[in-house]
There are 2 protein chains.
Amino acid sequence: MARTRASDYDDKRRTILDRSAELFAAHGFDRASMSRIADACGVSKANLYHYYRDKEAILFDVIRVHLEVLLEAVEAADLPGLPPQERLRRLVGALLEAYRDADAQHKVQINDLALLPPARQDEVRAIERELVRLFAEAIAGVAPHLRGTRVLKPVTMSFFGMVNWHYLWFREGGGFTRSDYADLVTRIIADGTRGIAAEPEPARAVAAGR
Amino acid sequence: MARTRASDYDDKRRTILDRSAELFAAHGFDRASMSRIADACGVSKANLYHYYRDKEAILFDVIRVHLEVLLEAVEAADLPGLPPQERLRRLVGALLEAYRDADAQHKVQINDLALLPPARQDEVRAIERELVRLFAEAIAGVAPHLRGTRVLKPVTMSFFGMVNWHYLWFREGGGFTRSDYADLVTRIIADGTRGIAAEPEPARAVAAGR
DNA sequence: CCTACCGATCGGTAGG
DNA sequence: CCTACCGATCGGTAGG
């Protein structure tokens, strides 16, 4: 019945992260005061500082935990042995499902990441890069003629543009589901890249000092 | 030689908008103080209030003017008589060109629009909708089987996702140009939508009060 | 773990 | 009387 102290501690941090994400998303990081976060969590403002050193540490953890959840969900859904288009479809579906209850976190990532100091941004970007690497690999599976060319990156970033933009227009329960959108994006990428010219990646300028 | 007073006034407002956009984009709206904006413009803070009623009015104008410039550029490039794919290509090219020196404005639109009061947001969104309407029409040109179906919106928003996400990865002078990206996006949309199933738009629930 | 309070800085406006 | 501005400082609130 009695929970361990460690578990309470983690639950409390998770509550703080969730309420903070909602307030940051709704009002912006600078306008969501620590007092309002404390009220939303049902604790005193001073108590917040027991769990997080400062406001910025909360922002960092909101984004870090969000991206780790995304990455884990996508990695768990990955079946590299599947036919390429089915593999991509599963990954897209897992990503869109992971976004289902993470609209606030997603907005915070997009709008407030730049408010972190560079070192913290780099930590977060390392997780982002892992996600990009995985999808670039899966996209290269459905478009093998693009593997190793300089258009694979623009295509991959176009994919992330589609998926990461969805929070601005996609609404639950409108007949067009997350699964429908996963189908659509997979098809657009698979069919849309067939006719792309496959210029080779230009060799990096070597010698000459660097 | 001597400029009219009105022209000076407009020049000054444009300077304020440009410097403010840069500072808002670099530090976020709330962290870019009126003092720093004034410094960047080479005027006193009090002088800023001669041109704009308050800080929020600057934010509104930054976004409004930005979107009007985008819309005008795209409308000026539109040749509805062209073959559909060429027409779309021209529109995408014009949009990406209009973004060339508007990275700051674009970031402000994405990150700080929500800080405006709802009425101001609506004014801005009306311009956005005009842009969306125009591209939806052009996309329906290259994918006529989607016209009037409920997938036209997701496809159109996927297009905007690709294009509006580009500021996060696209870098000038990297061999892959804006024109290359306009080609890529046009192709992905044109070829990627060919195999999309054309479900009809479900009729709106009529009668029964509403 | 809270109440009480700080040093710093904000957006906006006064008099002249 | 108006406009276009300046130096100085206001009341209020932020993070801690």
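These numbers were taken from a predicted model, which means no experiment stands behind them. (Residues numbered from 1 in each chain as written. Chains lettered and ligands numbered in written order. Predicted model: local features only at pLDDT ≥ 70, side-chain atom pairs only at ≥ 80, totals over all residues. Heavy atoms only, no water.)

## A short note on the relation of the copies chain B and chain A
Part 1 of the argument: Superposing chain B onto chain A requires a rotation of 180 degrees together with a translation of 0.0 Å along the rotation axis, leaving an RMSD of 0.1 Å. In short, the pair behaves as if placed about a two-fold rotation axis. Rotation axis and chain B: the residue whose C-alpha lies nearest the axis is glycine 192 of chain B, separated from it by 1.8 Å. (Least-squares fit on C-alpha atoms with pLDDT ≥ 70 in both.)

## Description of the UniProt feature "domain: HTH tetR-type" (unreviewed entry) in chain A
Part 1 of the argument: Mapped onto the present numbering, the UniProt feature "domain: HTH tetR-type" (unreviewed entry) falls on residues 10-70 of chain A.
Part 2 of the argument: In residues 10-70 of chain A, helix accounts for 80% and strand for 0%; the two terminal C-alpha atoms are 19 Å from one another. (UniProt positions renumbered as here; feature names shortened; annotations may be inferred. Helix = DSSP H or I, 4+ residues; strand = E, 2+ residues; numbered from the N terminus.)

## Considering helix 9 (residues 178-192) of chain A
Part 1 of the argument: The end-to-end C-alpha distance of helix 9 of chain A is 20 Å, a good match for the 21 Å that 15 residues give at a rise of 1.5 Å each.
Part 2 of the argument: In terms of burial, helix 9 of chain A is a largely internal element, 11 of the 15 residues being buried.
Part 3 of the argument: Burial in helix 9 of chain A covers these residues: Arg178, Tyr181, Ala182, Leu184, Val185, Thr186, Ile188, Ile189, Ala190, Asp191 and Gly192 of chain A.
Part 4 of the argument: Residues of helix 9 of chain A that are buried sit in contact with helix 5 (84-98), helix 7 (118-142) and helix 8 (152-164) of chain A together with helix 8 (152-164) and helix 9 (178-192) of chain B.
Part 5 of the argument: Capping of helix 9 of chain A at its N-terminal end is provided by threonine 177 of chain A; its side-chain oxygen lies 3.3 Å from the backbone amide nitrogen of serine 179 of chain A. (Expected span 1.5 Å × (residues − 1). Buried < 20%, exposed > 50% of the residue type's maximum accessible area, 1.4 Å probe, protein only. Contact = heavy atoms within 4.5 Å. Polar contact = N/O pair within 3.5 Å; in protein donor to acceptor, adjacent residues only side chain to side chain.)

## A look at the side chain of glutamine 121 of chain B
Residues and elements named next belong to chain B.
Part 1 of the argument: Looking at where glutamine 121 falls in the secondary structure, it is placed in helix 7 (residues 118-142).
Part 2 of the argument: Taking the relative accessible area as the measure of exposure, glutamine 121 reaches 14% and is therefore buried.
Part 3 of the argument: In terms of polar contacts, glutamine 121 uses its side chain to reach the backbone carbonyl oxygen of leucine 116, at 2.7 Å.
Part 4 of the argument: With near-sequence residues (within four places) excluded, glutamine 121 lies in contact with Leu113, Ala114 and Leu116.

## Some words on the protein's contact with DNA strand D
Part 1 of the argument: Near DNA strand D lie 13 residues; those nearest to it are Ser33, Lys45 and Lys55 of chain A together with Ser44 and Tyr51 of chain B.
Part 2 of the argument: Among the atoms of DNA strand D close to the protein, meaning within 4 Å, 65% are from sugar or phosphate groups.
Part 3 of the argument: With respect to DNA strand D, the side chain of lysine 45 of chain A contributes an N or O atom lying 2.6 Å from a base oxygen.
Part 4 of the argument: Counting residues per element, the ones that place at least two in the surface near DNA strand D are helix 3 (45-51) of chain A together with helix 3 (45-51) of chain B.
Part 5 of the argument: No other element matches helix 3 of chain B, which puts 4 residues into the surface near DNA strand D.
Part 6 of the argument: Of the residues contributing to the surface near DNA strand D, the split by class is 5 nonpolar, 4 polar and 4 charged. (Near = heavy atom within 4 Å. Nonpolar A, V, L, I, M, F, W, Y, C, P; charged D, E, K, R; others polar.)

## Examining the protein's contact with DNA strand C
Part 1 of the argument: The environment of DNA strand C is made up of Ser44, Ala46 and Asn47 of chain A together with Ala32, Ser33, Met34, Lys45, Ala46, Tyr49, Asp54 and Lys55 of chain B.
Part 2 of the argument: Counted by atom, the contact set of DNA strand C within 4 Å of the protein is 55% sugar and phosphate.
Part 3 of the argument: Here a phosphate oxygen of DNA strand C and a backbone polar atom of methionine 34 of chain B are 3.0 Å apart.
Part 4 of the argument: Tallying contributions element by element places helix 3 of chain B first for the surface near DNA strand C, with 3 residues.

## A closer look at the pattern of salt bridges
Part 1 of the argument: The full count for this structure, using the stated rule, is 32 salt bridges over all chains.
Part 2 of the argument: The residue aspartate 183 of chain A makes a salt bridge to arginine 89 of chain A at a minimum N-O spacing of 2.5 Å. Here the residue aspartate 183 of chain A occupies a position in helix 9, and arginine 89 of chain A occupies one in helix 5, the gap between them amounting to 94 residues.
Part 3 of the argument: Overall, aspartate 183 of chain A belongs to the partly exposed group, its relative accessible area being 38%.
Part 4 of the argument: By relative accessible area, which is 23% here, arginine 89 of chain A ends up partly exposed.
Part 5 of the argument: With a shortest N-O distance of 3.9 Å, glutamate 137 of chain B and arginine 87 of chain B are connected by a salt bridge. Of this pair, glutamate 137 of chain B sits in helix 7 while arginine 87 of chain B sits in helix 5 (residues 84-98); the two residues are 50 residues apart in sequence, bridging distant segments of the chain.
Part 6 of the argument: Salt bridges sharing partners connect three or more residues here, namely Arg13, Asp61, Arg64 and Glu68 of chain A. (Salt bridge = Lys/Arg side-chain N within 4 Å of Asp/Glu carboxyl O.)

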